Amino acid sequence: MPFTVKALQKTGPEQPFRVTTIERRDPRPDDVVIDIRAAGICHSDIHTIRNEWGEASFPLTVGHEIAGVVSAVGADVTDWKVGDRVGVGCLVNSCGTCEECRADQEQNCLEGNVGTYNATDVDGTVTQGGYAEKVVVNERFVCRIPDELAFDAAAPLLCAGITTYSPLRRWGADTPVDGRAKRVAVLGLGGLGHMGVQIAAAMGAEVTVLSRSLKKEQDALALGATRVLSTTEENFFREHRGEFDLILNTISASIPVDRYLRLLTPRGVMAVVGLPPEKQPVGFGSLIGGAKVLAGSNIGGIAETQEMLDFCAEHGLAAKVEVIGIHEADAAYDRVVAGDVHFRAVIDTATFADAAAE
């Protein structure tokens, strides 16, 4: 039978979060039930709930950075057992049979994947995310969280971690150039950028952080960057022209893309993982000159997500988080937008215990 759990939900983009109950489906034979211990707050949650990426389906519970413990499994589940430490990211289903799914690229499912929230599930219902006590997920979309990773530090890896790991791996942050370390610039040092710095450095790259100011310089160096450059300095774009092999663009706001492309070496790559609501103009001359690449990257497949979790555990990497209670979520949203969170806010779902549902 379906069951109810406490969750944080909004009834509209201007409404505050409320504690309510949502229905989780009766577990199917291939489902896993997870007791959620931590749920990261991603900027994508904010874009969605504020209708910045189109009309959301309200009432809505968001959250796709989920870490917890398996509490029940369906009759046909063989890879998971009660007590396993697991995580769920941005996807909860896909067709499983198309070319992309068979290549472990479920995020690109040709039939359309099912997002963890605000998506139409196979039964026609709207998916509800991880700001809740429990979630029910198809076994194929569950990842194992290594023992070395605490739940609160692991939760953001299910989005921020894989979002930065995948393009860094794809575009060879770990591959030397003419005997030297690849020169990687991470544009922005927020929830995504702080993971990009750690991962790129662990891959052996020489990492530079590009930011509007130097106020996060000590943070960046502690995360593994070799230096921080202020993009507002006079002559910045002229002085650093042609300097970087790879730029990881984590910014979710408008920037002069053409000017940043000129910072790349010939055949250099800008991998974009930040998604601003506004369209970004790009002149083709910035790409053709130097045969440069402007690439997008959307999270990663489930197998690669597991690879990323294992990589982070092996190298001692984790998200730097501020743990908050459920009643602090609205304030945390404003702080994320203001760039005031250091570096990822994570909801402690144990705080649901003492909250009354409306």
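The written sequence of each chain sets the order in which its residues are numbered from 1. pLDDT decides what is reported in this predicted model: residues at 70 or higher carry local features, side-chain atom pairs at 80 or more are listed and counted, and totals for whole chains, interfaces and linings draw on all residues regardless. Based on all heavy atoms of the structure, the side-chain values leave hydrogens and waters out of the count.

**Q** Hey, could you go over unusual backbone geometry for me, with residue numbers and the actual values?
**A** At the junction of Phe-58 and Pro-59, the peptide bond is cis and its omega measures out at -5° in the coordinates. Strands are runs of DSSP state E lasting at least 2 residues, helices are runs of H or I lasting at least 4, and numbering of each runs from the N terminus. Relative to the elements of secondary structure, Pro-59 occurs in the loop between helix 1 (43-49) and strand 4 (66-73). That bond from His-342 to Phe-343 is cis: its omega, -5°, falls within 30 degrees of zero. Its location among the elements puts Phe-343 in the loop between helix 11 (329-337) and strand 17 (344-348). The backbone phi angle of Asn-118 is positive, close to 60°, even though this residue is not glycine. Its location among the elements puts Asn-118 in the loop between strand 7 (114-115) and strand 8 (134-138). Only protein chains enter the calculation, and the probe is 1.4 Å; a residue is then buried if its accessible area is under 20% of its type maximum, exposed if over 50%, and partly exposed in between. On the accessibility criterion, Asn-118 (27% relative accessible area) is partly exposed. Residue Ile-299 is not a glycine yet carries a positive backbone phi of 40°.

**Q** Requested: an account of the UniProt feature "domain: Enoyl reductase (ER)" (unreviewed entry) in the protein, with residues and values cited.
**A** UniProt positions are given in the numbering used here, feature names are shortened, and annotations may be inferred rather than shown by experiment. Cross-referencing UniProt, the feature "domain: Enoyl reductase (ER)" (unreviewed entry) maps to residues 12-347 in the present numbering. Taken end to end, residues 12-347 is 24% helix and 25% strand, and its two terminal C-alpha atoms sit 21 Å from one another.

**Q** Could you give me a rundown of the pattern of salt bridges, with the residues and numbers involved?
**A** Salt bridges are identified by distance alone: a Lys or Arg side-chain nitrogen within 4 Å of an Asp or Glu carboxyl oxygen. In total, this model carries 16 salt bridges according to the counting rule given. For Arg-50, the salt bridge is made with Asp-334, and the minimal N-O distance between the two is 2.9 Å. Linking Arg-50 in the loop between helix 1 and strand 4 with Asp-334 in helix 11, this pair joins segments that are 284 residues apart in sequence. Residue Arg-50 is classed as partly exposed on the basis of its relative accessible area, which comes to 28%. For Arg-169, the salt bridge goes to Glu-307, with nearest N and O atoms at 3.7 Å. Of the two residues, Arg-169 is situated in helix 4 (residues 160-170) and Glu-307 in helix 10 (residues 302-315); the sequence distance between them amounts to 138 residues. Each of Arg-25, Asp-31 and Asp-121 takes part in one network of salt bridges that share partners.

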